Amino acid sequence: MTVITRFAPSPTGFLHIGGARTALFSFVYAKRHGGKFLLRIEDTDRERSTQEAVDAIFEGMKWLGLNSDFDEIYQTKRFDRYAEVVQQMLAAGTAYHCYASKEELDQMRAEQQARKEKPRYDGRWRPEAGKVLPTPPEGVKPVVRFKNPVDGQVVLKDLIKGDIVFDNKELDDLIIARGDGVPTYNFCVVVDDYDMGITHVIRGDDHVNNTPRQINILQALGATLPAYAHVSMILGADGAKLSKRHGALGVMEYRAMGFMPDALLNYLIRLGWSHGDQELFTREEMFAKFDFDHVSASPARFDMEKAYWVNHQYLKSIDPAIVAPEFDWHLRRIGADPAKGPDLKAVIEQQRERCRTLVEMAEKSKFLFEDLEAYNEKDAAKHFTADAAVLLEELAANLSALPEWTAPALHEAVNGFAEGKGLGLGKIAQPIRVAVVGMAISPPIDQTLFLLGRERTLARLAAAVATIKSKN
RNA sequence: GCUCCUAUCGUCUAGAGGCCUAGGACGGGGCCCUCUCAAGGCCUAAACCCGGGUUCGAAUCCCGGUAGGAGCGCCA
């Protein structure tokens, strides 16, 4: 049996972090078992679904590299099929028409709640042997309800939570088709999962309570049940539920914060899943090792600090060529022109040790790609002394005479210069930094000068000397 | 209210009855290294929600509390 999993978001907003994790679990599980993964857009709520949201979901999934093995599927394009199944069920007697109005239903629920009962449909239009149904009112388009079994139990064998038992008497007859004929969520999911041969339904655990009804519908259809895995949700750092109003961010915002997609995936997969003490996983390792036996059933908080740490580990260990395109994106984003500086891979190599995010990397590297606008005030005040000006001037002369502009040659020149003066390297390296970077933070000074290049280094040293002199 | 789920350091987690004096990681504190920022190395503080049971033995199994959460739509 080929494993087929799916991610089925409703397009009412961007792809958020919790959705991304469920998508990841589904994707990775399929890959792990040599199966397929599909993306299905659940857009039957035409009021709330938007094309922007659809685009945002695709964009997020694409950036994360969670690609579908099929063309995208929209539920709104499958209405004929749903209608067909509704007819089948009506004919088979596993579904029936209900003429109760919304007002009637609201009143029923209100009364039940007043009596401290669980609000549910009372079955007034449910056909039963020997029962006389009311006469359908004029001009009312009935909804279609599923005829849920009255007794017995439904056992949900959840891969994460274990067996969960529901009594059928807790379940009511849910609506599967609205008065206007548009089918509802619980029904579409079932038909889709059935038609598409989904073997493993992996979704948020807010769906646990829907599952017994879905299982009953599946059984009424004579389908074999898929396996279920209900993933707990992700909480904010404060332990509160993530919502649009409270800290929920779209996946693309993590890109803007400077995350590499695989790093975000790595952080996400460890949120809930574990493999012994291992923290870092390449994509391939995730595919090879992921399993539901080690997925936690309890909700987890999103810890930005740890996410940054994971991102940093990625930046430090992966091939700079993989980082380069994202780095390029970030440089442009802050107005720097990647073409106006050294090879990005070389910059990444030097900067990645000190940058947890690509935002930081871009900020700390922009001096290589644009003209220096100003010196950091504190750093200049500390390192731009009269003595420094003399040293910088002399060093600049030495550097301009250098036969080749390489890191080893620069290392030799700067260290030799400091030694010759009987100074610690810091005495000269720091003023140089401020002069060429604009601040006292950069890669090792030889690497910094090498990346900057001869022409710009000498120009910036001269400019710094002039600045210092004009001040004194 | 009813049904369902969950519960180990601040956070993510390891843990499948003895291997637990509860391990790892992030973050915190300290020391070392050092041209800056980092990185790295070493050390350190920090947890089994509570109460009963089962057992020779329980973080692990059972029951009951408590606390958090989800669901109870002609939303998904």
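Residues numbered from 1 in each chain as written. Chains lettered and ligands numbered in written order. Predicted model: local features only at pLDDT ≥ 70, side-chain atom pairs only at ≥ 80, totals over all residues. Heavy atoms only, no water.

- By the naming in an unreviewed UniProt entry, chain A is Glutamate--tRNA ligase, taken from Stenotrophobium rhamnosiphilum.
- Of the comments in the UniProt record for chain A, the one headed Catalytic activity (unreviewed entry) reads "tRNA(Glu) + L-glutamate + ATP = L-glutamyl-tRNA(Glu) + AMP + diphosphate".
- Database annotation for chain A, UniProt heading Sequence similarities (unreviewed entry): "Belongs to the class-I aminoacyl-tRNA synthetase family. Glutamate--tRNA ligase type 1 subfamily." (UniProt positions renumbered as here; feature names shortened; annotations may be inferred.)

So, the sheet that holds strand β8 (residues 175–177)
- Taken in spatial order, the three strands line up as β4-β5-β8 in an open sheet, and their pairing is antiparallel. Of all the strands in the sheet, just β4 (95–98) and β8 have a single pairing partner and so form its edges. This sheet shows a mean twist of 45° between the axes of neighbouring strands, independent of strand direction.
- With two bridges connecting them, strand β5 (residues 143–146) and β8 associate as antiparallel partners. From the neighbouring strand, V144 faces β8, where its bridge partner is A177.
- Here helix α3 (residues 79–92) sits on the sheet and contacts β4, β5 and β8; the angle it forms with β4, its principal contact strand, is near 95°. (Pairing = 2+ DSSP bridges. Helix = DSSP H or I, 4+ residues; strand = E, 2+ residues; numbered from the N terminus. Axes fitted to C-alpha atoms, helices over the stretch in contact; angles between N-to-C directions. Contact = heavy atoms within 4.5 Å.)

Focus: the pattern of salt bridges
- Evaluated as defined, the whole model comprises 33 salt bridges.
- For D193, the salt bridge is made with R40, and the minimal N-O distance between the two is 2.9 Å. With D193 in helix α5 (residues 185–195) and R40 in strand β2 (residues 36–41), the pair connects residues that are 153 residues apart, well separated along the chain. Of the two residues, D193 and R40, both sit in the buried class.
- Across the salt bridge formed by D45 and R48, the nearest N and O atoms sit 3.0 Å from each other.
- Owing to a relative accessible area of 26%, D45 belongs among the partly exposed residues under this scheme.
- Via salt bridges that share partners, R6, R40, E42, R78, R81, E84, D192, D193 and D195 belong to a single interconnected network. (Salt bridge = Lys/Arg side-chain N within 4 Å of Asp/Glu carboxyl O. Buried < 20%, exposed > 50% of the residue type's maximum accessible area, 1.4 Å probe, protein only.)

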